[in-house]
Amino acid sequence: MQTKIKNIIGSFFAVLLIGFFNNSARSEWTTADIGQGANATSNVFVGIGKNDGKMNIYNQGSGGIMFETTYSGHDWSQVSMQGAGDGINSISAGAGRNDGVPRVYASSVMGYIHEFSNTGTGWGYINCASLTMDSIIGVSVGAGRNDGVLRVYGTRLNGGVYECSYSGSWIYTGIGSGNNCVTVGTGRNDSVMRVYSASNDVYELNYSGGWSQTTVGSPGSTVYGISIGAGRCDGVMRIYAACWNGHIYEYSRTGSNWTQVDIGSTGSGITAISMGVGRNDGIVRIYAACGDGHIYEFSYTSSNWTHTDVGSAAQGMYGVSIGTGRNDGIVRVYGGSYTGRLYEFSWTPEPPYISSMDPRYALISAQSNLSFLGKDLLGTSVIKLKNVKTNQTISGSSLNVSGNSLTAQFSLPGTAGLFDLVLTKTGIDYTFKTFFTLLAPQSGPVQWQKNDLGKAGNACTVGSIVIADANRDNEAEVYVAYSGQTISCIKKNNSTWPVTSFLDTPGENFQQLLALDGNRDGEWELYAASAKPQIYQYQWGKPSPSSPVGAGGSLMVAGDGNHDGAQEIYAVSGNTTGQGLEQWNYSGSVWTNSQVKAVISGVAFTSLLAGDVDNDSADNSMPPTGMQPIIPIFTNLNIMVVVGTELA
């Protein structure tokens, strides 16, 4: 056995792992005011409106002038697109002339469909259709005849769907019924493009040498928004109609019939809908703009529809569109309110949480695998290590996420360094200060060396010791808890190890010390257990102690005992007549505890250990402190206690 251990020491890189910093952000929608529209902005469209391949936001400006709103990398700007000065009801964009050149199309209250073209130096417009004395409400661009040719479609307020085709000049003709909205898509899920319109009913217009019209369904209320997509995120295309009664109805084609399902109500009249992956998670959802000033998100999960509030404006929300409005690859939701303001709604996902690293397979060769335990890891696309001193970056490969475990392969350097772990998820970089050091492999024979680092005082007994960067200077320190009521920092300075006693709490009698990001604020803290019994949190830059965690005995350990991908603190509870075990978890504002094991009368614990002693490999887990270069850290945490004394 001694020979085996000696050989392992000689061939491995040494790894020093203390713990992980983690971000404290929670999943939420955030709202930003990004620009001015008209006094009553009832239209918003995100798309490519000119021949530069970039996404912009198009909306009605004051006086009926159209505006293009652009994100420059740090702020928003608006450019006038000119216009006839008439109010705009709806906006779309696409190569409406079927020439591959994107343009912007707007339906007006004066009976026009305007086409806006960018010349490279400015905007100009002409009319595709002129139906004066009758407002044009909806507008859409698509291959409505299923022949691959893009055309422009609009709806009249007093009824009628019109198709605008370009062949040297614009011609338009009536093709069916509907007055409020129009869209083009494969509503039957048969890959055939058709035109869909709505008033109090939902209509399907099909071209086969001529136009024919059928009724899809009658929702029982005026339809102000219609959209086609895989709303259940199952790949099946369906039709969605949003009504003034606050309900959204789903229409599915089954055989020769349409099936209508009420997917839910916002409680307020719906003025527009849009579909897309608004959360950047690959899941298609439906977004509804409502007269109460809110935008609601409808999601299909586990055979049920649910809806949540995305955000709101001061008054009614009359337009909604989804897209990568900032051209950064991140999808966001955009709304226009009755106040004339444009709003951007961004989904901030809960960041991935890394609680520990499993180095069992990491150190055999320079081409090594590192495995990390955490939660919310799905969707991670890039992983790399970054040296905090030299700024050197090592990119990983062969990335694999399985449950709460993430594994990546690295070409590890043979020089020592303090590294951060960087994950990229849905276009956002997350950095975790992993605090481990990669050392060159040792060549035998290996010898032990003893150094006396010093002590805090003659009356002190060492109760616990951890290695961490608790003072956030990107360098490791040794922290020692003394039974003489003191916590000290020992850090090498050239060839000496000065001792600094920086925490002194009379009457505490410290016996256990942990270093980890227990409150998940992205920074490390020290946690000290005393014989009082009490657990204290000590945080750099905060009063000492910055926060008591709660009552606990003189023993504690950190680990993922409940297998949620995050670390908790486990501490002995009870007194001299018997002891049990408690779990302490930070909920975002307060520490809460739950009982792991009830107090056992007549039993006292003398040691706690976190590790996968039964080797069932369900989750990775390891103690967050200490140098463990050769001891395998297994998976699926168990908490072991050693009964040292049977009490009388």
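Residues numbered from 1 in each chain as written. Predicted model: local features only at pLDDT ≥ 70, side-chain atom pairs only at ≥ 80, totals over all residues. Heavy atoms only, no water.

**A few points about the packing of aromatic side chains**
Argument step 1. As enumerated under the stated definition, the model contains 20 aromatic pairs in all.
Argument step 2. Considering the side-chain rings of Trp29 and Tyr287, the 6.2 Å spacing of their centres and the 80° angle between planes classify their relative orientation as edge-to-face. Highlighted residues: Trp29 in strand E1 (residues 28-36) and Tyr287 in strand E23 (residues 285-290), separated in sequence by 258 residues.
Argument step 3. Measuring from ring centre to ring centre gives 5.2 Å for Tyr166 and Trp170, while their planes differ by 65°; the resulting arrangement is edge-to-face.
Argument step 4. For Tyr166, a relative accessible area of 29% corresponds to the partly exposed category.
Argument step 5. Among the aromatic residues, ring-to-ring pairing joins Trp29, Tyr287 and Trp347 into one connected group.
Argument step 6. Taking the ring centre of Tyr207 as reference, the NZ or CZ of Arg145 above it sits at 4.3 Å. (Phe/Tyr/Trp six-rings, centres within 6.5 Å; stacked < 30°, edge-to-face > 60°. Helix = DSSP H or I, 4+ residues; strand = E, 2+ residues; numbered from the N terminus. Buried < 20%, exposed > 50% of the residue type's maximum accessible area, 1.4 Å probe, protein only. Lys NZ or Arg CZ within 6 Å of the ring centre and 35° of its normal.)

**Let's talk about the pattern of salt bridges**
Argument step 1. If you walk through the whole model with that rule in mind, you get 20 salt bridges.
Argument step 2. The residue Asp33 makes a salt bridge to Arg341 at a minimum N-O spacing of 3.0 Å. Here Asp33 is found in strand E1, whereas its partner Arg341 is found in strand E28 (residues 341-348), with 308 residues between them in sequence.
Argument step 3. For Asp33, a relative accessible area of 42% corresponds to the partly exposed category.
Argument step 4. Note that Glu250 is salt-bridged to Arg232, the shortest N-O span being 2.7 Å. Placement of the pair is Glu250 in strand E20 (residues 247-254) and Arg232 in the loop between strand E18 (223-229) and strand E19 (238-243), with a sequence separation of 18 residues.
Argument step 5. Looking at Arg232, the relative accessible area reads 21%, which means it is partly exposed.
Argument step 6. Within this structure, Arg188, Asp190, Arg194 and Glu204 form a network of salt bridges that share partners. (Salt bridge = Lys/Arg side-chain N within 4 Å of Asp/Glu carboxyl O.)

**Concerning the confidence of the model for the chain**
Argument step 1. Per-residue confidence for the chain averages 81 on the pLDDT scale, and 81% of its residues sit at or above 70.
Argument step 2. Across residues 1-19, confidence stays below pLDDT 50; counting only partners more than four residues off in sequence or on other chains, it has 67 contacts.
Argument step 3. Within the model, pLDDT remains below 50 along residues 360-364, and this stretch shows 19 contacts once partners closer than five positions in the same chain are excluded. (pLDDT = per-residue confidence, 0-100. Contact = heavy atoms within 4.5 Å.)

**A look at the sheet that holds strand E7 (residues 103-108)**
Argument step 1. Read from one edge to the other, the open sheet built from four strands follows the order E6-E7-E8-E9, with strand pairing classed as antiparallel. Of all strands in the sheet, those bounded by a partner on one side alone are strand E6 (88-94) and strand E9 (123-130). Across the sheet, the mean angle separating the axes of adjacent strands is 25° when strand polarity is ignored.
Argument step 2. Here E6 pairs with E7 via six bridges, running antiparallel. Bridging across to E7, Ser90 finds its partner in Ser107. (Pairing = 2+ DSSP bridges. Axes fitted to C-alpha atoms, helices over the stretch in contact; angles between N-to-C directions.)

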